Each structure stands twice: as structure tokens, then as C-alpha cells.
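# Descriptive analysis of the structure
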Amino acid sequence: MGAHRRRCDWCDSGTPIVRDMDPVNPDYQYWCEECARALIIKGDPIETYRELEGEPIYGRLLDEHCTLKRFYSFVAA
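Residues numbered from 1 in each chain as written. Predicted model: local features only at pLDDT ≥ 70, side-chain atom pairs only at ≥ 80, totals over all residues. Heavy atoms only, no water.

## A look at the overall build of the protein
Across its full length, the protein holds 2 helices and 4 strands. Going residue by residue from the N terminus, the α and β elements of the protein occur as β-β-α-β-α-β. Relative to its 77 residues, the protein shows a buried fraction of 32%. Taking as baseline every contact in the protein between residues at least 6 positions apart, the subset at least 24 positions apart corresponds to 45%. For the protein, the exposed surface amounts to about 5200 Å²; the carbon and sulfur share of it is 47%. (Helix = DSSP H or I, 4+ residues; strand = E, 2+ residues; numbered from the N terminus. Buried < 20%, exposed > 50% of the residue type's maximum accessible area, 1.4 Å probe, protein only. Contact = heavy atoms within 4.5 Å. Areas by Shrake-Rupley, 256 points an atom, 1.4 Å probe, with all protein chains shown as cover.)

Written out as C-alpha cells, the structure reads:
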């Protein structure tokens, strides 16, 4: 199934923008922008990820909302 037909694993309604490449729970790998933002704000950002839309949407969310100074890994397709 392509990313354009897939839904966010958390809310089951949004279109995923990011995939968690090292998920704690494999049932939650694909995240829409709103749910991904909520993870960052909550303090539980995705650390190893792949952008799905070809734009660094998740990377920008990290820059805007992440106060933790950790290293994040972008995984190329």
C-alpha cells in the first residue's frame, strides 16, 4: 500500500508525513503531521525517521517544537 493511501497509525485519519524506523510498538510506525507534532511537544519525538512527502516536514517540526538537544537520524529512502 502506498503512503498516499495509508493512514496515521495513531489517529487513523491523517495522511502520514513520517515513518518511525525504530518503533517501540510496530503498530505505530506512520504518523500524520498533527500526531507527530503532539509527540514532539509531549517530549517523545521520533528519533530515527524517514520523511514520506519528500519535504522535511518532520525536520521542521523538530526545529520548531523540540527543546531537547538530542541527535536525530534521518533515514534516506
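## Some words on the nonpolar core
By size, the foremost hydrophobic cluster in this structure holds 16 residues, and its most contacted members are Val18, Trp31, Ile46 and Tyr58. Of all elements in the fold, only strand S1 (16-20), strand S2 (30-32), helix H1 (33-42) and helix H2 (57-65) reach the threshold of two or more residues within this core. Aside from chain neighbours lying at most four places away, what touches tryptophan 31 is Cys8, Trp10, Pro16, Ile17, Val18, Asp20, Ala36, Leu39 and Ile46. (Core = buried A, V, L, I, M, F, W, Y, C linked by side-chain atoms within 4.5 Å.)

## Looking at the pairing of strand S3 (residues 48-51)
Along S3, the buried face is formed by Tyr49 and Glu51; none of Thr48 and Arg50, which line the opposite face, is buried. For S1 and S3, the ladder comprises 3 bridges, and the chain directions are antiparallel. Of the residues in S3, the one forming a bridge with valine 18 is glutamate 51. (Pairing = 2+ DSSP bridges.)

## Digging into the packing of aromatic side chains
Within the structure shown, the criterion is met by 4 aromatic pairs. Their ring planes at 20° and their centres at 6.2 Å tell us that tryptophan 10 and tryptophan 31 sit as a pair that is stacked. Here tryptophan 10, found in the segment before S1, pairs with tryptophan 31, found in strand S2; they are 21 residues apart in sequence, far enough to count as distant. Take tryptophan 31: its relative accessible area is 7%, and that puts it in the buried class. Look at tyrosine 49 and tyrosine 58: their rings are 4.8 Å apart centre to centre, the planes differ by 65°, and that puts the pair in the edge-to-face class. (Phe/Tyr/Trp six-rings, centres within 6.5 Å; stacked < 30°, edge-to-face > 60°.)

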